[in-house]
Amino acid sequence: MSESSDEVFPQDTKDIIIEHLQILKHSFRKYFPVPDKNKNWVVDPFNADVPDITGLTTTQENQLIEISSNSNLKRVFKESSLSSFWLSIRQDYPEISDSALRPLMLFSTTYLCEKGFSAYVYTKNKYRNRLNIESDLRIQLSNIDPKIPDLVLKKQHHPSH
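Predicted, not measured: the structure shown is a model, and the values here were computed from it. (Residues numbered from 1 in each chain as written. Predicted model: local features only at pLDDT ≥ 70, side-chain atom pairs only at ≥ 80, totals over all residues. Heavy atoms only, no water.)

**Q** Would you mind going over helix α7 (residues 110–123) with me for this structure?
**A** In an α-helix, one turn spans 3.6 residues; hence positions three or four apart end up facing the same way. Between its first and last C-alpha atoms α7 spans 20 Å; for 14 residues at 1.5 Å apiece the expected length is 20 Å, and the two agree. Within α7, the full set of buried residues consists of G116, A119 and T123. For α7, the arc enclosing every buried residue in end-on projection is 65°, short of the 170-degree limit, so these residues lie on one face. Facing away from the buried side of α7 by over 90 degrees, the exposed positions are Y111, E114, F117, V121 and Y122. On its buried face, α7 sits against α8 (134–141). (Helix = DSSP H or I, 4+ residues; strand = E, 2+ residues; numbered from the N terminus. Expected span 1.5 Å × (residues − 1). Buried < 20%, exposed > 50% of the residue type's maximum accessible area, 1.4 Å probe, protein only. Arc of directions from axis to C-beta. Contact = heavy atoms within 4.5 Å.)

**Q** Would you take a moment to explain the packing of aromatic side chains for this structure?
**A** Two measures describe an aromatic ring pair: the distance that separates the ring centres and the angle between the ring planes. All chains considered together, the criterion is met by 5 aromatic pairs. Between F46 and F85, the aromatic rings sit 6.1 Å apart at their centres with planes inclined by 55°, giving tilted as the arrangement. Here F46, found in the loop between α2 (40–43) and α3 (58–68), pairs with F85, found in helix α5 (residues 82–88); they are 39 residues apart in sequence, far enough to count as distant. Across this residue pair, the class does not change: F46 and F85 are buried. Joined through ring pairs, the aromatic side chains of W41, F46, F77, F85 and W86 make up one cluster. (Phe/Tyr/Trp six-rings, centres within 6.5 Å; stacked < 30°, edge-to-face > 60°.)

**Q** Explain the environment of N47 here, please?
**A** Here N47 shows up in the loop between α2 and α3. Distance from N47 to E66, taken between C-alpha atoms, is 13 Å for residues 19 residues apart in sequence. There is a polar contact of 2.6 Å between the side chain of N47 and the side chain of D44. (Polar contact = N/O pair within 3.5 Å; in protein donor to acceptor, adjacent residues only side chain to side chain.)

**Q** Mind showing me how you'd approach the environment of V42 here?
**A** Following the sequence through the fold, V42 ends up in helix α2. Sequence separation of V42 and A100 is 58 residues, and the distance between their C-alpha atoms is 5.3 Å. When neighbours within four sequence positions are excluded, V42 is seen to be in contact with L82, W86, A100, P103 and L104.

**Q** For this particular structure, what's the right way to read the nonpolar core?
**A** Considering soluble globular proteins, one finds that nonpolar side chains tend to be buried as a cluster. By size, the foremost hydrophobic cluster in this structure holds 17 residues, and its most contacted members are W41, I67, F85, W86 and I96. Looking at this core, the elements with two or more residues in it are α2, α3, α4 (71–79), α5 and α6 (94–104). Not counting residues up to four positions away in its chain, the partners in contact with W41 are A48, I53, L56, L64, W86, I96, S99 and A100. (Core = buried A, V, L, I, M, F, W, Y, C linked by side-chain atoms within 4.5 Å.)

**Q** I'm lost on a nonpolar patch on the surface in this one. Help?
**A** On the surface, a cluster of nonpolar side chains totalling about 270 Å² of accessible area is made up of I17, L21 and L24. Within the secondary structure, L21 is located in helix α1 (residues 11–31). (Patch = residues over 30% accessible without salt bridge, like charges linked within 9 Å, V, L, I, M, F, W, Y side chains within 5 Å. Areas by Shrake-Rupley, 256 points an atom, 1.4 Å probe, with all protein chains shown as cover. Salt bridge = Lys/Arg side-chain N within 4 Å of Asp/Glu carboxyl O.)

By themselves, these figures tell us nothing about what the structure is for.
Pasting the structure below:
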């Protein structure tokens, strides 16, 4: 930017910009690390060099060798998406399939976070501005459906006067 512009920037400004960009690069690498070359077999199991892969058990290595030598699976791999392929062979090759699906499903829990934020925003509105909403959120985020008629039967009705 400074080379393409006719303006002359002071060295202090350049140092601040450089420092900011280095911090940005570091935080970017924290959230998006350099891909592990040891996981290339997940993306293409048919061109993987199995002896060079570290971190696999003997069973996983054997299953990967069987997959890479199967021409029917190679056709299925070309016709389907990556996660669909690994899910389709999960029954026959459970260990290697589970190891392959783990890095593919990195953000599986963000749905629950989004659901929690939506429930929080819905509960904290101008008509119901309570400070302590933990119990309300617990009910909203629970997978258990309350049996209201049974709960009502257990409560004592208000006696008439």
